[in-house]
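If you want the building blocks of each chain, they are given just below.
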Amino acid sequence: IRRMTVPQIRAKKGADPIVSLTSYHAHTAAIVDKFADFILVGDSLGMVMHGMDSTIGVPLDLMIMHGRAVVRGTKRALIVVDMPFGTYEESPNMGFRNAAKIMKETACGAVKLEGGARMAETIRFLSERGIPVMAHIGLTPQSVNTMGGFKVQGRDEAAWKTHIDDARAVAEAGAFALVVEGVVEELADKITAAVDIPTIGIGASKNCDGQILVLEDMLGLNPRVPKFVKVYGDLGPAIERAVAEYTEEVKTRTFPGEDNVYR
Ligand code: KIV
Ligand code: NA
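All values derive from a computational prediction rather than experimental measurement.

1. Overview of helix H11 (residues 235–251)
Item 1. For H11, which comprises 17 residues, the first-to-last C-alpha distance of 24 Å matches the rise-based estimate of 24 Å (1.5 Å per residue) to within 8%.
Item 2. For H11, a buried count of zero out of 17 residues is recorded, marking the element as mostly open to its surroundings.

2. Some words on the pairing of strand E3 (residues 78–82)
Item 1. Among the five residues of E3, five are classified as buried, and the element is accordingly described as predominantly covered.
Item 2. Covered by surrounding structure in E3 are Leu78, Val80 and Asp82 together with Ile79 and Val81, the residues of both alternating faces.
Item 3. As paired elements, strand E2 (residues 38–41) and E3 share four bridges and run parallel to each other. Paired with leucine 40 across the strands is valine 80, a residue of E3.
Item 4. Remark: the E3/helix H5 (residues 92–106)/strand E4 (residues 110–114) crossover connection has right-handed handedness.

3. Overview of H5
Along an α-helix, residues three or four apart share an orientation, since each turn contains 3.6 residues.
Item 1. Here H5 spans 21 Å end to end across 15 residues, near enough to the 21 Å set by a 1.5 Å rise per residue.
Item 2. Listing the buried residues of H5 in full gives Gly95, Asn98, Ala99, Ile102, Met103 and Thr106. Projected onto a plane normal to the axis of H5, the buried residues spread over an arc of 140 degrees and lie on a single side. In H5, those exposed residues whose orientation departs by more than 90 degrees from the buried face are Asn93, Arg97 and Lys104.
Item 3. Those residues of H5 that are buried lie in contact with helix H4 (60–73), E3, E4 and helix H6 (120–127).
Item 4. Alanine 107 sits one or two residues past H5 and shows a positive phi near 65 degrees.

4. Points about the domain arrangement of the chain
Item 1. As assigned here, the chain comprises domain 1 (6–232) and domain 2 (234–263).
Item 2. Domain 1 and domain 2 are separated by 39 Å when their C-alpha centres are compared.
Item 3. Across the contact, four residues belong to domain 1 and four residues belong to domain 2.

5. Overview of the packing of H6 against helix H8 (residues 160–173)
Item 1. Where H6 meets H8, the closest approach of the two axes is 8 Å, and the angle between their N-to-C directions is 20 degrees. In terms of orientation, H6 and H8 fall into the roughly parallel class. As H6 packs across H8, the resulting crossing turns out to be right-handed. On H8, the residues touching Ala120, Ile123 and Arg124 of H6 are Ala169, Val170 and Ala173.
Item 2. For the contact of H6 with H8, a count of residues per class yields five nonpolar, no polar and one charged.

6. A few points about the UniProt feature "active site" (unreviewed entry) in the chain
Item 1. UniProt marks Glu181 with the feature "active site" (unreviewed entry), using the numbering shown here.
Item 2. Mapped onto the elements, glutamate 181 comes out in strand E6 (residues 177–181).
Item 3. For glutamate 181, a count of 22 C-beta atoms within 10 Å puts it in the buried group.
Item 4. Glutamate 181 has contacts with His136, Gly138, Leu139, Ile202, Gly203 and Ala204, leaving out every residue within four places of it along the chain.

7. A word on the packing of H4 against H5
Item 1. Between H4 and H5, the least distance of the axes is 9 Å, while the angle of their chain directions is 35 degrees. The crossing of H4 and H5 is right-handed. Along the contact surface, H4 presents Leu60, Met63, Ile64, Gly67, Arg68 and Val71, while H5 presents Asn98, Ile102, Glu105 and Thr106.
Item 2. Among the residues making up the contact of H4 with H5, the classes are represented as five nonpolar, three polar and two charged.

8. Looking at the sheet that holds E2
Item 1. Taken in spatial order, the eight strands close into a barrel running E1-E2-E3-E4-E5-E6-E7-E8, and their pairing is parallel. Across the sheet, the mean angle separating the axes of adjacent strands is 25 degrees when strand polarity is ignored.
Item 2. Pairing of strand E7 (residues 199–202) with strand E8 (residues 210–213) involves two bridges; the strand directions are parallel. The residue of E8 that forms the bridge with isoleucine 200 is glycine 210.

9. Concerning the nonpolar core
Item 1. Counting residues in each nonpolar core, the largest one holds 68 residues, and the members touching the most others are Val170, Ala175 and Leu178.
Item 2. Take this core: its biggest share by element is five residues, from H8.
Item 3. Sequence-distant contacts of alanine 175, that is, excluding residues within four places in its chain, are made with Ile123, Val133, Met134, Ala135, Val170 and Ile197.

Criteria and thresholds
Residues numbered from 1 in each chain as written. Chains lettered and ligands numbered in written order. Predicted model: local features only at pLDDT ≥ 70, side-chain atom pairs only at ≥ 80, totals over all residues. Helix = DSSP H or I, 4+ residues; strand = E, 2+ residues; numbered from the N terminus. Expected span 1.5 Å × (residues − 1). Buried ≥ 20, exposed ≤ 12 C-beta atoms within 10 Å, placed from the backbone. Pairing = 2+ DSSP bridges. Right-handed = clockwise from strand over helix to strand, strands pointing away. Arc of directions from axis to C-beta. Contact = placed C-beta atoms within 7 Å. Domains from an automatic or database assignment. Axes fitted to C-alpha atoms, helices over the stretch in contact; angles between N-to-C directions. Parallel < 35°, antiparallel > 145°, perpendicular 65-115°, else oblique. Left-handed = near helix turned anticlockwise from the far one by under 90°. Nonpolar A, V, L, I, M, F, W, Y, C, P; charged D, E, K, R; others polar. UniProt positions renumbered as here; feature names shortened; annotations may be inferred. Core = buried A, V, L, I, M, F, W, Y, C linked by C-beta atoms within 7 Å.

Have a look at this one:
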């Protein structure tokens, strides 16, 4: 295997910060591939690429289509594909069947699923049968309807034990890494200290073993990002400037120019 492997990601715990971003698309993935240890084909693609209000409606086939695009566009990073809502929660058997379908049809290296202790049995079932699993705890967007919104977790210290127990349960079940999303900083630090697998923070803490952001958010394509996102790029305004200039040149018949026509 030429790509970053699951054991290599795992071995970065306590050593080397893990760099990751989401990507859904061959051309952007090829750029991210120059830097990232792993690329997540997140089910956030339902909201980012397809305008959905949440990730609940994302179908398995859509994850597979985008997963394939990202695998084709990359060569070094480990590619992790999200299991969408409704494709794994029911039973370990169902989870295995759908995770195997994702791996066979995309050639990705691992899957990710949401949930702590309640998903431990499924995580064990998959990882013992050749499917590396990244877990995801804290704010789990597929539970938006039971949470009553996208809410930062652990504001009340009374809830910390549940989250730490979730982290321990997924690590013990064989998850190779753990996304910790939308939790107060001190809780993220306690989770990172409690497990021997790398934690990947998003809206969490700089002390996590790695960080992840949604690529479009950090590139400035999303006009309304939450506080935890740092916007490193200017793509939204850059696209607007380019489209405005093109519009002007079409209207004034200055595009296509000399160089853009066949003679
Ligand atoms: O779907 C997604 O993009 C994610 C990350 C933000 C962790 O799950
Ligand atoms: Na996700």
